[in-house]
Amino acid sequence: MGPIDSKILQDIHLGQENDVNFKYNFENGMKFSRIFSKEGVNPFDMVEYEKRVSAIREPDGTIVFEMKDIEIPKDWSQVATDIIAQKYFRKTNVPQINPDGTLQIDANGSPVLGSETSVKQTIHRLVGTWRYWGEKYGYFASPEDAQIFYDELVVMHLKQMVAPNSPQWFNTGLNWAYGINGSAQGHYYVDPDTGVMTKAKDAYSHPQPHACFIQSIKDDLVNEGGIMDLWLREARLFKYGSGTGTNFSSLRGAGEPLSGGGESSGLMSWLKIGDCSAGAIKSGGTTRRAAKMVVLDIDHPDIEAFVNWKAKEEQKVAALIAAGYSSEYEGEAYATVSGQNSNNSVRISHKFMDTVKNDGSWNLTWRVDGTTCKTLKARELWNQIAYAAWACADPGVQFDDTINDWHTCPESGRINASNPCSEYMFLDDTACNLASFNLVKFFNPQTKEFFVSDFKHATRLVTTVLEISILMAQFPSKEIAQGSYDFRTLGLG
């Protein structure tokens, strides 16, 4: 395939219908002006392109991935080229287009399918989808404002001024642009027409564009909202490239009595199952690892085992490497041990830090009745946390009282956990979709001038993208679908 023709591109989408009766709101819809694009100029023609190669090689030089003749803006680095080609280009079921805009047809009369091969295709399916949903639900004052919205965002992406989170690149527009779909995966969404909770009928007509999830867990083995159900919900997220965090402090500790007699096997037995599950799933179907955060309160009965989990596993890795096993991170030594598929954090209270300061004793408590199961010196536990973090970089610490002091919606519940990178801290069973600005693009290093008006303009555009993304999204559970719909959580960094 030759270079993607910019004029043809905007006229093509093969999925969700072309003949939608868009709901322009001429009085209250959003109006947009041009700063980055130009009236009458195709936004894809505002940068120069060149053909490049992207490849992944093993240490011995063996090529495990290669794409040739991919169309990339000249100003993009090779790193940026590799990221979009290796991670974000859709690799299958993309209808191939002739230079004259017609579909390529094989000898049997079927469309020729293949990979995205141009940045133009990928950016068009993203921005075109946001425009589609915005027009469908009355976000824009007029067709002209919708076109400006599209043009401005195309230029911003081509010039690397902004980038959405990975699940947008993985999932958004596959149905709208290419007609790609699949069987339902157990997702839900609140129908924007009726406000009614709805079970998704397919995989992609409502995409999963959110990157950051916080999920609750109940101390229940097999029922909805419980331990095994969480692994299923996590799998739905990892499959489409998202990350998730959970506070596991509701689960009983090792030796804690069970209602049917006997004793609990403890938190760590369940975390190891979740770790194996996450390790088996490649995020977004690519080589990116699943992203997961595990949080535990400082008074949990199994806190010491949790704190030292990864440090001890790293000692096993060292022994295996010394015995001759590969030291590569994807090698057998690391694959043999547990705890390698999550970030771990300890949730710490003001009371605990005061106890450390005063060299006092700290009680660990059973989850069911709140009675003390063990007492130890607070400084001893604090030193275990510090040593483990020094040895293997985990666990991190989250200061619970401080976080909740800054909570913007405290009447709606506590903040118990975070997403894997901890930039999203909010209520359980909510999700956040993100985008990030490249601030260098808004700064003149010679004059030391920051382009405030351009930045404000860009912020309004991208905030609209994030809001539209909530409207169009599906979620791994009814609770997350409702919470995200109600709170409209989004992030712009």
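Our structure's up above, just so we're on the same page.
The structure reproduced in this document is the subject of the present report. Predicted model only: the values in this text are computed from it and were never measured.

Glancing now at the pairing of strand β1 (residues 49-57). In this structure, β1 lies alongside strand β2 (residues 63-73), joined through 8 bridges in antiparallel fashion. Within the sheet, the bridge partner assigned to Lys-51 lies in β2 and is Glu-71. Connecting β1 to the antiparallel partner β2 that follows it, the hairpin turn spans 5 residues, and Gly-61 within it adopts a positive phi of roughly 95°.

We now examine the pattern of salt bridges. What the rule picks out here adds up to 20 salt bridges. In this structure, the salt-bridge partner of Arg-233 is Asp-229, at a minimum N-O distance of 3.0 Å. Taken together, the residues span about one helical turn, with Arg-233 and Asp-229 both in helix α7 (residues 227-239) at a distance of 4 residues. Here Arg-233 and Asp-229 have matching classes, each one buried.

Turning our attention to the packing of aromatic side chains. As enumerated under the stated definition, the model contains 22 aromatic pairs in all. With a centroid separation of 6.2 Å and 65° between ring planes, the pair formed by Phe-22 and Tyr-24 is classed as edge-to-face. A relative accessible area of 27% places Phe-22 in the partly exposed class. We classify Tyr-24 as partly exposed; its relative accessible area is 21%. Here Phe-140 and Phe-149 contribute two aromatic rings whose centre-to-centre distance is 4.8 Å and whose plane-to-plane angle is 50°, an arrangement assigned as tilted. Relative accessible area serves as the criterion here: at 0%, Phe-149 is assigned to the buried category. An aromatic cluster is present here, built from Phe-22, Tyr-24, Phe-26, Tyr-132, Trp-133 and Tyr-137 joined pairwise through their rings. The ring of Tyr-49 is capped by Lys-120, whose NZ or CZ atom sits 4.3 Å from the centre of that ring. For Lys-136, the ring lying beneath its charged end belongs to Trp-133, and the centroid distance is 5.3 Å.

At their nearest, the axes of helix α3 (residues 119-136) and helix α4 (residues 143-158) sit 10 Å apart, and the two run at 150° to each other. Considering the angle they form, α3 stands roughly antiparallel to α4. Seen along the crossing, α3 lies across α4 with a hand that is right-handed. Across the interface between the two elements, Val-119, Ile-123, His-124, Val-127, Gly-128, Trp-130, Arg-131 and Glu-135 from α3 touch Pro-143, Ala-146, Gln-147, Phe-149, Tyr-150, Leu-153, Val-154, His-157 and Leu-158 from α4. Considered class by class, the residues forming the contact of α3 with α4 number 11 nonpolar, 4 polar and 2 charged.

Now for the nonpolar core. Judged by nonpolar contacts, the single largest core of 59 residues is most densely connected at Ile-84, Trp-130, Phe-149, Leu-153, Met-156, Leu-158 and Val-462. Those elements that place two or more of their residues in this core are β2, α2 (78-88), α3, α4, α5 (166-171), α6 (174-178), β17 (430-437) and α14 (452-472). For this core, the element with the highest residue contribution is α4, accounting for 9 residues. The contact partners of Phe-149, leaving out residues within four places of it in the chain, are Phe-32, Trp-130, Arg-131, Phe-140, Leu-461, Thr-464, Val-465 and Ile-468.

Moving on, we come to a nonpolar patch on the surface. Together, Leu-221, Val-222, Met-228 and Ile-273 line one region of the surface with nonpolar side chains, adding up to about 330 Å² of accessible area. Relative to the assigned elements, Leu-221 resides in the loop between β8 (212-214) and α7.

Another aspect to go through is the packing of helix α9 (residues 303-322) against helix α12 (residues 378-392). Relative to each other, α9 and α12 sit at 25°, their axes nearing to 9 Å. Our classification of the angle between α9 and α12 gives roughly parallel. In this structure, α9 crosses over α12, and the sense of that crossing is left-handed. The residues of α12 that touch α9, namely those facing Ile-303, Glu-304, Val-307, Asn-308, Lys-310, Ala-311 and Glu-314, are Glu-380, Leu-381, Gln-384, Ile-385, Ala-388, Ala-391 and Cys-392. Of the residues belonging to the contact of α9 with α12, the class tally is 8 nonpolar, 2 polar and 4 charged.

Our next topic: the environment of Met-161. Residue position: Met-161 is located in the loop between α4 and β5 (162-164). Through-space distance from the C-alpha of Met-161 to that of Phe-455 is 10.0 Å; in sequence the pair is 294 residues apart. With near-sequence residues (within four places) excluded, Met-161 lies in contact with Phe-36, Met-156, Ser-436, Phe-437, Asn-438, Lys-441 and Phe-442.

Taken together, the buried positions of helix α15 (residues 478-487) are occupied by Ile-480, Ala-481, Gly-483 and Ser-484. Looking at the buried positions of α15, the neighbouring elements they touch are β6 (188-190), β7 (197-199), β8, β17 and α14. Phi for Arg-488, located one or two positions after α15, is positive at around 50°.

Here the bond from Asp-394 into Pro-395 is cis, since omega is 5°, no more than 30 degrees from zero. The residue Pro-395 is located in the loop between α12 and β16 (396-399) in this model. Its identity as a non-glycine residue notwithstanding, Asp-429 has a phi of 60°, on the positive side. Its place among the elements puts Asp-429 in the loop between α13 (400-405) and β17. Under the relative-accessibility criterion, Asp-429 is labelled buried at 14%.

Criteria and thresholds
Residue positions are counted from 1 within each chain, in the order its sequence is given. Owing to the predicted nature of the model, reporting of local features is limited to residues with pLDDT of at least 70; listing and counting of side-chain atom pairs is limited to 80 or more, with chain, interface and lining totals taken over all residues. Only hydrogens and water are set aside when side-chain values are computed; all heavy atoms of the structure are taken into account. Pairs of strands are assigned from DSSP output, requiring at least two bridges between the strands. A helix here means a DSSP run of H or I that spans at least four residues, while a strand means a run of E at least two residues long, and both kinds are numbered starting from the N terminus. One side-chain nitrogen of Lys or Arg within 4 Å of one carboxyl oxygen of Asp or Glu is enough to make a salt bridge. Buried means the residue's accessible area, taken with a 1.4 Å probe over protein chains only, is under 20% of the maximum for its type, while exposed means over 50%, and partly exposed covers the values in between. Geometry of aromatic contacts follows a simple scheme: Phe, Tyr and Trp rings, the Trp one being its six-membered ring, pair when their centres are within 6.5 Å, and the pair is stacked under 30 degrees between planes, edge-to-face over 60, tilted otherwise. Whether a charge sits over a ring comes down to the Lys NZ or Arg CZ being within 6 Å of the ring centre and within 35 degrees of the ring normal. Each axis is a line fitted through C-alpha atoms, taken for helices only over the stretch in contact, and angles between the N-to-C directions span 0 to 180 degrees. Just so you know how the angles are binned, under 35 degrees is roughly parallel, over 145 roughly antiparallel, 65 to 115 roughly perpendicular, and the rest oblique. With the far helix as reference, a near helix turned anticlockwise by less than a right angle produces a left-handed crossing, and one turned clockwise produces a right-handed crossing. Contacts are assigned to residue pairs that have any heavy atoms within 4.5 Å of one another. Ten residues, namely Ala, Val, Leu, Ile, Met, Phe, Trp, Tyr, Cys and Pro, are considered nonpolar, four, namely Asp, Glu, Lys and Arg, are considered charged, and the remaining ones, Gly among them, are considered polar. In plain words, nonpolar cores are sets of buried Ala, Val, Leu, Ile, Met, Phe, Trp, Tyr and Cys residues tied together by side-chain atoms within 4.5 Å. Exposure above 30% relative accessible area and no salt bridge define the residues that can form patches, which grow by joining like charges within 9 Å and nonpolar side chains of Val, Leu, Ile, Met, Phe, Trp and Tyr within 5 Å. For accessible areas, the Shrake-Rupley method is used with a probe of radius 1.4 Å. Any residue's cover is judged against the shown protein chains and nothing else.

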